[in-house]
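# Observations on chain architecture
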Amino acid sequence: MKITGTLVNYFFHCKRQCWLHGNRVNLEDNSELVQIGKQLHKIKSEKSKSGEVAIDSIKIDRINGEYLIEYKKSDADIKAASWQVLYYLLVLKRKGIDKKGKLICMEKNKEVKKVFEIVLTKSVESILVNLEEEIKEFIMTKDIPPFEYEPKCRKCAYYSYCVI
Ligand code: SF4
């Protein structure tokens with residue numbers, strides 16, 4: 001199976017979400033929040049010169065000069081989003097393209113958006129190589145991780161699946 005940036009993000013955000021998405025339990029088309037995020041990506045990509053870039057199993061929002069840019073609708077889980085960007089940087093590097101990452105969080109009703117610069121180092125590269133295998137094995141396990149309610153569940157596309 002191919003690892004995607006979304007799977008990497010979910011692996012850090014919620015293991016159960018990663019497992020569900022990896023096993024193609026897809027409820028995201030029904031989620032209003034996911035649709036808002038997708039529209040934000042679309043608008044930003046249309047405004048950019050280069051637009052969304054698809055390479056192998058990943059889709060990058062935008063490449064601008066020395067930066068790969070990923071847009072998020074909030075900074076609710078910077079750690080997960082940062083690993084997603086790092087994974088994109090690794091995929092690009094394997095193609096001989098060296099970039100730095102920029103994570104741009106569009107905060108609702110806030111004028112100042114948060115921008116994080118992300119750099120792929122050698123040590124992070126080797127963590128990501130191991131992580132790819134770890135995620136593959138994790139998704140292939142038979143048992144779905146148990147549900148434990150957390151505040152982040154309220155905004156999750158799998159909320160009804162997990163809670164009801
Ligand atoms: S509802 Fe909560 S436990 Fe279920 S997939 Fe979403 S974040 Fe994970």
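The rules behind these values
Residues numbered from 1 in each chain as written. Predicted model: local features only at pLDDT ≥ 70, side-chain atom pairs only at ≥ 80, totals over all residues. Heavy atoms only, no water. Pairing = 2+ DSSP bridges. Helix = DSSP H or I, 4+ residues; strand = E, 2+ residues; numbered from the N terminus. Axes fitted to C-alpha atoms, helices over the stretch in contact; angles between N-to-C directions. Phe/Tyr/Trp six-rings, centres within 6.5 Å; stacked < 30°, edge-to-face > 60°. Buried < 20%, exposed > 50% of the residue type's maximum accessible area, 1.4 Å probe, protein only. Lys NZ or Arg CZ within 6 Å of the ring centre and 35° of its normal.

Strand order in the open sheet formed by 4 strands is β3-β4-β5-β6, with mixed pairing between adjacent strands. Each edge of the open sheet carries a strand with a single partner, namely β3 (62-64) and β6 (114-118). The sheet shows a mean angle of 25 degrees between the axes of neighbouring strands, taken without regard to direction. As defined by bridge partners, strand β5 (residues 100-105) adjoins β6 across 5 bridges and the pair is classed as antiparallel.

Looking now at the packing of aromatic side chains. A full pass over the atoms with the stated rule returns 3 aromatic pairs. Between F11 and F12 the ring centres are 6.0 Å apart and the planes differ by 90 degrees, which places this aromatic pair in the edge-to-face class. Judged by relative accessible area, which is 5%, F11 ranks as buried. Judged by its relative accessible area of 25%, F12 falls in the partly exposed class. Geometrically, the ring pair formed by F11 and F138 is edge-to-face, given 5.7 Å between the ring centres and 80 degrees between the ring planes. On the criterion of sequence distance, the pair formed by F11 in helix α1 (residues 5-13) and F138 in helix α5 (residues 122-140) is long-range, its members being 127 residues apart. Here the basic side chain of K15 rests over the ring of F11, its NZ or CZ set 4.1 Å away from the ring centre. Lying across the ring of Y67, K102 places its NZ or CZ 4.1 Å from the centre.

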